[in-house]
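Now for the letters of each chain:
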Protein chains: 4
Amino acid sequence: MEDLIKRVREFRQERDWGQYHSPKNLVIALMVETAELAEHFQWLTEEQSCSLQPDKLAEVQEEIGDVLIYLANLCDRLGIDPMSAAYEKLEKNKGKYPAAKVQGKYLKYNQYK
Amino acid sequence: MEDLIKRVREFRQERDWGQYHSPKNLVIALMVETAELAEHFQWLTEEQSCSLQPDKLAEVQEEIGDVLIYLANLCDRLGIDPMSAAYEKLEKNKGKYPAAKVQGKYLKYNQYK
Amino acid sequence: MEDLIKRVREFRQERDWGQYHSPKNLVIALMVETAELAEHFQWLTEEQSCSLQPDKLAEVQEEIGDVLIYLANLCDRLGIDPMSAAYEKLEKNKGKYPAAKVQGKYLKYNQYK
Amino acid sequence: MEDLIKRVREFRQERDWGQYHSPKNLVIALMVETAELAEHFQWLTEEQSCSLQPDKLAEVQEEIGDVLIYLANLCDRLGIDPMSAAYEKLEKNKGKYPAAKVQGKYLKYNQYK
């Protein structure tokens, strides 16, 4: 991931695009790309979404690439390490959703008894 | 990233949440988390978004963690390697936006002359 | 709708919030509110989404209220009449998706033969 | 708005698209359309977003049409009256954000002293 962030930064600097890439703008771009990813799934059933055709899968992969590129860009501008952010949140989620308690049920963490 | 995907998978399996985690549902969750991230920026100026206060930055980091966790989850269900997806897309973008041509300008790739 | 736009404008002016309500910011807010609406549906099956419990429905109604309020706000700032926009787009869609051709099938308009 | 909902319903029925238009799917579509609207603003400054060129404004108007069409569709499926939802929420917001208290400041309602 560090290497991706480095390359995304070089890509931006070579094009002198830093002036457009404020965190605020990057966050909008991230939402736009995420929605383009979602567009591929909007009329599929859940079952269909589990077994995409190869050409569809290739398109989805490209959109995932875009999402990760903008996420790397955003993290670079904010000075956040995305991997640490994910690991820390995952640990926190283990506390919020203890496996023994939430087995097979999906509620907000404050709705478990 | 591979390690994160592995841990996210274990987290899901220990809770028996696979039944909820169809790619379609994960894509909705990804959009919801991305919007929660965006919420922190919605009333900031671009300039303010470049220098967040430490407590705000910590909240933003958590949301980025959530985004990356769901992205890892989605990639695991689809059998897509997110890092490859990002590198391939970045290469493609280099072709679409040659540095010499787009220097300091930001248009859709088909709007450059 | 005109009346709603008028009231939303008064609400904004009484609070002196015009300075925050640039179209760009309102569009982010609109995405955030739409995602809050979507959050209620993310782990439901399509079938479950068709028959919400009354308390859930009340929460969904509130989120729909927020979405429409921000849409009214945005249209006011841009000088766009949302009802005309919808009617014109609906007419356009009739041309793009002729009933006889698309009966029971859901493709992008350029994928019909 | 009632008339728009009626016409959107006819449009759906003539095409036999009800099978695709579960509230869950419509909510995804609503997010996708909202993001397409946002895409027009992502690299603009707030100031630029206040004075769009006529051709840009026409494109934005079309996207707003799409958003309102899907919102009407969703409300029809859920049996929710969007205008009532907006008016009720606006009243609620007046209680949460009293004009005298929030004058020119923009915080979450529980952050005012």
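Residues numbered from 1 in each chain as written. Chains lettered and ligands numbered in written order. Predicted model: local features only at pLDDT ≥ 70, side-chain atom pairs only at ≥ 80, totals over all residues. Heavy atoms only, no water.

### Observations regarding the pattern of salt bridges
A side chain of one charge can pair with a side chain of the opposite charge if their charged atoms are brought near each other.
Link 1 in the chain: Tallied over the entire structure, the rule returns 36 salt bridges over all chains.
Link 2 in the chain: In this structure, Glu46(A) and Lys24(D) form a salt bridge, with 3.4 Å as the shortest nitrogen-oxygen distance. Of the two residues, Glu46(A) is situated in helix H3 (residues 46–49) and Lys24(D) in helix H2 (residues 23–39); the pairing between them involves two chains.
Link 3 in the chain: Salt bridges here are not isolated pairs; linked through shared partners, they connect Arg9(A), Arg12(A) and Asp76(A). (Salt bridge = Lys/Arg side-chain N within 4 Å of Asp/Glu carboxyl O. Helix = DSSP H or I, 4+ residues; strand = E, 2+ residues; numbered from the N terminus.)

### Comments concerning the interface of chain A and chain B
Link 1 in the chain: Each side of the interface is counted separately: chain A has 68 residues, and chain B has 68 residues.
Link 2 in the chain: Carbon and sulfur atoms make up 69% of the surface buried where chain A meets chain B, a total of about 6200 Å² over both sides.
Link 3 in the chain: For the chain A face of the interface with chain B, the top three residues by lost area are Trp17(A), Lys24(A) and Tyr106(A), together amounting to 11%.
Link 4 in the chain: Inspection of the chain A/chain B interface yields 4 salt bridges. (Contact = heavy atoms within 4.5 Å. Buried area = accessible area lost by both parts, 1.4 Å probe.)

### Digging into the packing of aromatic side chains
Residue and element names in this part refer to chain C.
Link 1 in the chain: On inspection of all chains with the given rule, the structure shows 12 aromatic pairs over all chains.
Link 2 in the chain: Where Phe11 meets Trp17, the ring centres are 6.0 Å apart and the plane angle is 75°; that geometry is what we call edge-to-face.
Link 3 in the chain: For Phe11, a relative accessible area of 9% corresponds to the buried category.
Link 4 in the chain: Taking relative accessible area as the criterion, Trp17 reaches 4% and is therefore assigned buried. (Phe/Tyr/Trp six-rings, centres within 6.5 Å; stacked < 30°, edge-to-face > 60°. Buried < 20%, exposed > 50% of the residue type's maximum accessible area, 1.4 Å probe, protein only.)

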